[in-house]
Amino acid sequence: MGSLALPLVLLPVLMHREGFIDASIFLVLILFAGAVAALAVLVALGALARLWVSGDRGWARALGGLVLGLICLLPFAYYGALALRYPPVTDMATAPRSDLPLIFEPDTAAMPPARMLPPEEQARVFPNAQTRLYPLDVVQLFALVDRLVAAENWDVRRRIEPLTAPDQGRINARIVTLPGWREEAVLLIRPNGRGARVDMRSASIGAPIDFGSNGMRISAFLGALDNEVTALLRDNPKINDPAPVEDAVPDVDIGNGQ
């Protein structure tokens with residue numbers, strides 16, 4: 001049973017990541033695999049208890065089944081701990097979601113209703129998942145955001161680059177989590193007074209809960225952006241100084257020789 005549980009856990013994850021099965025089928029298969037792994041552990045413990053009393057042969061097989069079953073249960077224990085630590089949500093944003101729309105695709109249309117946190121609870125659980133204001137213009141800030149998205153190796157589905165300071169920039173990117181869930185990140189860069197602001201949304205497309213991944217993604221990305229902006233301002237202290245005005249060339253009247 002332990003040797004059976006291992007492929008039952010791995011194959012649904014691989015098929016889900018590659019898009020061969022949808023979220024509902026994946027949930028059924030992975031829960032069945034977890035049940036088989038748990039049963040393998042229970043059978044192995046029962047076998048070991050009996051072998052301890054009877055002294056019969058079979059210790060290697062019983063221990064092997066126990067080890068394989070426990071290995072298969074480790075992912076369930078990990079995600080169970082995340083489910084206990086983070087509230088059951090599927091969508092997080094630092095601004096109204098109407099400002100940060102997802103790309104309409106077939107899986108987006110089939111999304112279940114979003115599960116969200118009240119703003120005060122979101123600030124308590126993910127204090128770093130907040131709007132960022134920077135003393136940079138939109139073009140400069142978009143370049144930093146674009147570079148960080150490329151470094152994350154996210155699948156960019158839409159990219160609207162601002163050409164001038166009054167414009168807005170937006171990036172929509174897809175992320176595949178380790179179990180194969182699809183999530184979408186939306187980044188909006190827009191003018192704000194003498195600088196620019198960045199808002200971010202991260203939403204699970206088909207998962208029943210996100211196990212904290214959306215909030216952690218927003219916090220980690222905006223924290224990395226803080227570091228990038230700090231380094232840019234440190235290395236370019238005059239980046240926002242107005243451009244020097246060229247000296248005016250005096251008019252010379254050459255028509256009358258004066």
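Keep in mind that what you see is a predicted model, and the values were worked out from it rather than measured.

**What about the nonpolar core?**
Part 1 of the argument: Within the largest apolar cluster, 33 residues are counted, with the highest numbers of intra-cluster contacts made by Leu 141, Val 145, Trp 154, Leu 187, Val 198, Phe 221 and Leu 225.
Part 2 of the argument: Broken down by secondary-structure element, the contributors of at least two residues to this core are α6 (138-152), β4 (169-176), β5 (182-192), β6 (195-204) and α7 (213-235).
Part 3 of the argument: Broken down by element, this core gets its largest block of residues, 7 residues, from α6.
Part 4 of the argument: Not counting chain neighbours up to four residues away, the residues in contact with Leu 225 comprise Tyr 134, Leu 141, Leu 144, Val 145, Leu 148 and Val 198.
Part 5 of the argument: Grouped together as the second largest cluster of nonpolar side chains are 11 residues, Ile 30, Ala 33, Cys 72 and Ala 207 included.

**Some details on the packing of aromatic side chains**
Part 1 of the argument: Taken as a whole and judged by the stated rule, the model has 6 aromatic pairs.
Part 2 of the argument: Plain terms: the ring middles of Trp 52 and Trp 59 are 6.5 Å apart, the flat faces sit at 75 degrees to each other, and that makes the pair edge-to-face.
Part 3 of the argument: Classification of Trp 52 by relative accessible area gives exposed; the value is 70%.
Part 4 of the argument: Exposure remark for Trp 59: the relative accessible area of 34% places this residue in the partly exposed category.
Part 5 of the argument: Both rings, one in Tyr 86 and one in Phe 126, keep their centres 5.5 Å apart while their planes meet at 10 degrees; by these two values the pair is stacked. Of this pair, Tyr 86 sits in the loop between α3 (59-85) and β1 (91-93) while Phe 126 sits in the loop between α5 (119-125) and β2 (132-134); the two residues are 40 residues apart in sequence, bridging distant segments of the chain. The exposure classification of Tyr 86 matches that of Phe 126, with both residues buried.
Part 6 of the argument: Site record: aromatic cluster; members linked through ring pairs are Tyr 78, Tyr 79 and Phe 211.

So, how was this worked out
- Residues numbered from 1 in each chain as written.
- Predicted model: local features only at pLDDT ≥ 70, side-chain atom pairs only at ≥ 80, totals over all residues.
- Heavy atoms only, no water.
- Core = buried A, V, L, I, M, F, W, Y, C linked by side-chain atoms within 4.5 Å.
- Buried < 20%, exposed > 50% of the residue type's maximum accessible area, 1.4 Å probe, protein only.
- Helix = DSSP H or I, 4+ residues; strand = E, 2+ residues; numbered from the N terminus.
- Contact = heavy atoms within 4.5 Å.
- Phe/Tyr/Trp six-rings, centres within 6.5 Å; stacked < 30°, edge-to-face > 60°.

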